[in-house]
Amino acid sequence: MIKPASSLCNMRCRYCFYSSISSAREIPSYGIMQNETAEKIIDNIFRDINATDQITFGFQGGEPSLAGVEWFRSFVQKVLLHKKAKISWTFQTNGLLMDQKWCDFFLENKFLVGLSIDAGKRLHDRNRISAADDGTFEACLQTKELFDKNRVEYNVLCVLTNELAKEPDRAWRFIKNENIRFIQFIPCLDAGDLSQHSSPNTLRPPFFAQFYSRLLRQWIKELENGNYISIKFFDDVANYFYKGIPTSCGIDGQCQNQYVIEADGSVYPCDFYAFDQFKIGSLCESTPKEIFESKKTQQFLLSKQQLPEICNSCAFLKSCRSGCKRMHNVMYTFAGSCGYKTFLEKSLKPLLQAVQALQKKLS
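Residues numbered from 1 in each chain as written. Predicted model: local features only at pLDDT ≥ 70, side-chain atom pairs only at ≥ 80, totals over all residues. Heavy atoms only, no water.

A.B. asks: Hey, could you run me through the packing of aromatic side chains in this one?
C.D. replies: For any pair of aromatic rings, the description rests on two quantities: the centre-to-centre distance and the angle between the ring planes. The final tally for this structure, using the stated rule, is 45 aromatic pairs. Between Phe233 and Tyr340, the aromatic rings sit 6.3 Å apart at their centres with planes inclined by 70°, giving edge-to-face as the arrangement. With a gap of 107 residues between them, Phe233 in helix H10 (residues 232-242) and Tyr340 in helix H14 (residues 339-362) connect regions that are remote in the sequence. Residue classification places Tyr340 among the buried residues on the basis of a relative accessible area of 2%. When the ring centre of Phe300 is taken as reference, the NZ or CZ atom of Lys325 above it lies at 4.1 Å. (Phe/Tyr/Trp six-rings, centres within 6.5 Å; stacked < 30°, edge-to-face > 60°. Helix = DSSP H or I, 4+ residues; strand = E, 2+ residues; numbered from the N terminus. Buried < 20%, exposed > 50% of the residue type's maximum accessible area, 1.4 Å probe, protein only. Lys NZ or Arg CZ within 6 Å of the ring centre and 35° of its normal.)

In structure tokens:
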């Protein structure tokens, strides 16, 4: 995951966790990644890559499009010069700068784009505001229409706040009205363990469980009518409990090294932990393998989280192991409750039954 424009952004979202993280660093933003830095990063990455490997370059921010489309053309060209490994590309954007040349670039290089839109104009414009303090819902919908027109492959990313979690029917209407085929609801986090800041937007476990349990009933009805809509959380739970494949980081309680690369080449083990004290190296100086094998990386990956009391008697403990440590207060344990446990107790069986029925239809 590369941040070519560091924490720079043309929006001022009220719940932006990366703004909180970057503001706590000695250097909040490293600006636009220099070409020399990009070359060093790419060269060091490919020192560890074989022809049979697969590698995904994902671009996030801040807002990565602030680096400009020509920056990305140059980066892709530098990568393709190495002529080994299967390369995939992803790009997460707020959509404000998207135009035809961006669409042409995404199509030419087969990018999967994540487009951030919250469920409905009222909630979106309350939290996702421009630098001029204006709502951005209409502009984001125009970008979605542009992507649809150009057949750009994209997923919608929607922040799941406490407020939205209380209105699952609103979220479902949004999905249906906008004909969304792929959507990920991203739990709204507070500023992190290293900050005292908390927000009314921060998702809490009871509302997490309420939201997904209600949404699942709508999703199953749609599936029974022959219309599959990818809701990432349902996909992840089904993949894990039906196929035994963890497709989301932390779902099995184990951290994975994410290689979050800031614009100066600094590497962090996770987007949620891009604080100075968690820096694990620099891809300008080391290869991914060297960084992975470092003492600091291993300490982060192998550190055990203390399980809350509620976990000790949980039937899902062996599968969950208390989940992602950064998600504790939003989908796992908070004030003696666990939203994930509540969801699994009520909804895992009907979810898996729906998946099994779909598999039979397809076989």
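A.B. asks: Just checking my understanding: could you explain the environment of Glu138 for this structure?
C.D. replies: In this fold, Glu138 is placed in helix H6 (residues 137-150). Given the relative accessible area of 43%, Glu138 is considered partly exposed. Sequence separation between Glu138 and Lys121 is 17 residues, and the spatial gap between their C-alpha atoms is 7.8 Å.

A.B. asks: Is there a simple way to explain empty space enclosed by the protein in this structure?
C.D. replies: Within the structure shown, the criterion is met by 2 cavities of 30 Å³ or more. Here the largest cavity defines a volume of roughly 110 Å³. Every residue lining the largest cavity is counted, 13 residues in all, and those nearest its centre are Cys311, Cys314, Cys320, Cys338 and Lys341. Of all elements in the fold, only helix H13 (317-320) and H14 reach the threshold of two or more residues within the lining of the largest cavity. At 3 residues, the largest contribution of residues to the lining of the largest cavity is made by H14. Among the residues forming the lining of the largest cavity, the class breakdown is 10 nonpolar, 2 polar and 1 charged. Its boundaries defined by the atoms lining it, the second largest cavity holds a volume of some 30 Å³. Forming the walls of the second largest cavity are Asp118, Ala119, Leu123, Asn127, Val159, Thr161 and Leu164. Class assignment of the residues belonging to the lining of the second largest cavity gives a composition of 4 nonpolar, 2 polar and 1 charged. (1 Å grid on protein atoms, 1.4 Å probe; cavity = no way out; pocket = protein on both sides within 12 Å on 5 of 7 lines; lining within 4 Å. Points joined across faces, edges and corners; volume = space filled by probe spheres on them. Nonpolar A, V, L, I, M, F, W, Y, C, P; charged D, E, K, R; others polar.)

Just distances and angles here, no functional claims.
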